[in-house]
Amino acid sequence: GRDGKAFFKLLSPESQRKVVSFAEVDAKKVGTDYFANLLRLRIPIVHFMEVPPPMVICVALDRTGGNFEGNLEDWKRRYNATEGVDYWHFC
């Protein structure tokens with residue numbers, strides 16, 4: 001989403017090249033690509049439940065009526081993930 005793209009643009013070109021996918025919940029966006037034109041990178045947008053750790057999450061809390069928090073809990077259970085080890089949350 002918006003916050004993830006903004007975070008991506010702040011990364012160095014070297015770090016941008018390490019990004020393997022963007023995670024998304026919106027079915028309309030899943031299966032499409034994000035294009036980083038300056039580096040000629042094409043990054044797939046995949047469903048968030050299919051993204052294994054490590055993951056950087058860029059979503060503000062309390063913006064989704066609790067949906068994000070529920071989705072994050074489901075993802076954490078699936079991957080037995082721990083914040084600060086398997087994922088980092090920026091908002």
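Relevant structure appears above.
Residues numbered from 1 in each chain as written. Predicted model: local features only at pLDDT ≥ 70, side-chain atom pairs only at ≥ 80, totals over all residues. Heavy atoms only, no water.

A. Quick look at the pattern of salt bridges. In the structure shown here, the tally under the stated rule is five salt bridges. Close ionic contact of Arg42 with Asp33 constitutes a salt bridge, the shortest N to O distance being 3.0 Å. Its relative accessible area of 60% is what places Arg42 among the exposed residues. For Asp33, a relative accessible area of 27% gives the class partly exposed. Between Lys76 and Glu73 there is a salt bridge whose closest N-O contact spans 3.1 Å. Here Glu73 and Lys76 lie together in helix H3 (residues 67-79), a separation of three residues that amounts to about one turn. (Salt bridge = Lys/Arg side-chain N within 4 Å of Asp/Glu carboxyl O. Buried < 20%, exposed > 50% of the residue type's maximum accessible area, 1.4 Å probe, protein only. Helix = DSSP H or I, 4+ residues; strand = E, 2+ residues; numbered from the N terminus.)

B. Layout of the layout of surface pockets. Of the voids in this model, the largest pocket is the one considered here, and its volume is about 1000 Å³. When residues of the lining of the largest pocket are traced back to their parent elements, those giving at least two are helix H1 (2-10), strand S1 (22-24), strand S4 (55-58) and H3. Of the residues belonging to the lining of the largest pocket, the class tally is 23 nonpolar, seven polar and six charged. (1 Å grid on protein atoms, 1.4 Å probe; cavity = no way out; pocket = protein on both sides within 12 Å on 5 of 7 lines; lining within 4 Å. Points joined across faces, edges and corners; volume = space filled by probe spheres on them. Nonpolar A, V, L, I, M, F, W, Y, C, P; charged D, E, K, R; others polar.)

C. Structural detail: the pairing of strand S2 (residues 33-36). Where burial is concerned, the two faces of S2 differ: the one with Tyr34 and Ala36 is buried and the one with Asp33 and Phe35 is not. In the sheet, S2 pairs with strand S3 (residues 41-47) via four bridges, with the strands oriented antiparallel. From the neighbouring strand, Tyr34 faces S3, where its bridge partner is Ile43. Hairpin connection, S2 to S3: the antiparallel pair is bridged by four residues, and Arg40 has positive phi, about 55°. (Pairing = 2+ DSSP bridges.)

D. Representation of the side chain of His89. Following the sequence through the fold, His89 ends up in strand S5 (residues 87-90). At a separation of 2.6 Å, a polar atom in the side chain of His89 contacts the main-chain carbonyl oxygen of Val59. (Polar contact = N/O pair within 3.5 Å; in protein donor to acceptor, adjacent residues only side chain to side chain.)

E. Looking closely at unusual backbone geometry. Cis geometry marks the peptide bond from Pro53 to Pro54, where omega comes out at 0°. Along the chain, Pro54 turns up in the loop between S3 and S4. Phi at Arg40 is positive, roughly 55°, even though this residue is not glycine. Unusually for a residue other than glycine, Asn80 sits at a positive phi of about 50°. Note that Asn80 resides in the loop between H3 and S5.

F. Local environment of the side chain of Asp86. The residue Asp86 is located in the loop between H3 and S5 in this model. Buried and without a salt bridge, Asp86 has Lys76 as its closest oppositely charged side chain, separated by 9.8 Å. Within the structure, the side chain of Asp86 is placed 2.7 Å from the backbone nitrogen of Thr82, a separation counted as a polar contact. Those residues in contact with Asp86 that sit more than four places away from it in its chain are Pro53, Pro54, Met55, Trp75, Asn80 and Ala81. (Lys, Arg positive; Asp, Glu negative; His and termini not counted. Contact = heavy atoms within 4.5 Å.)

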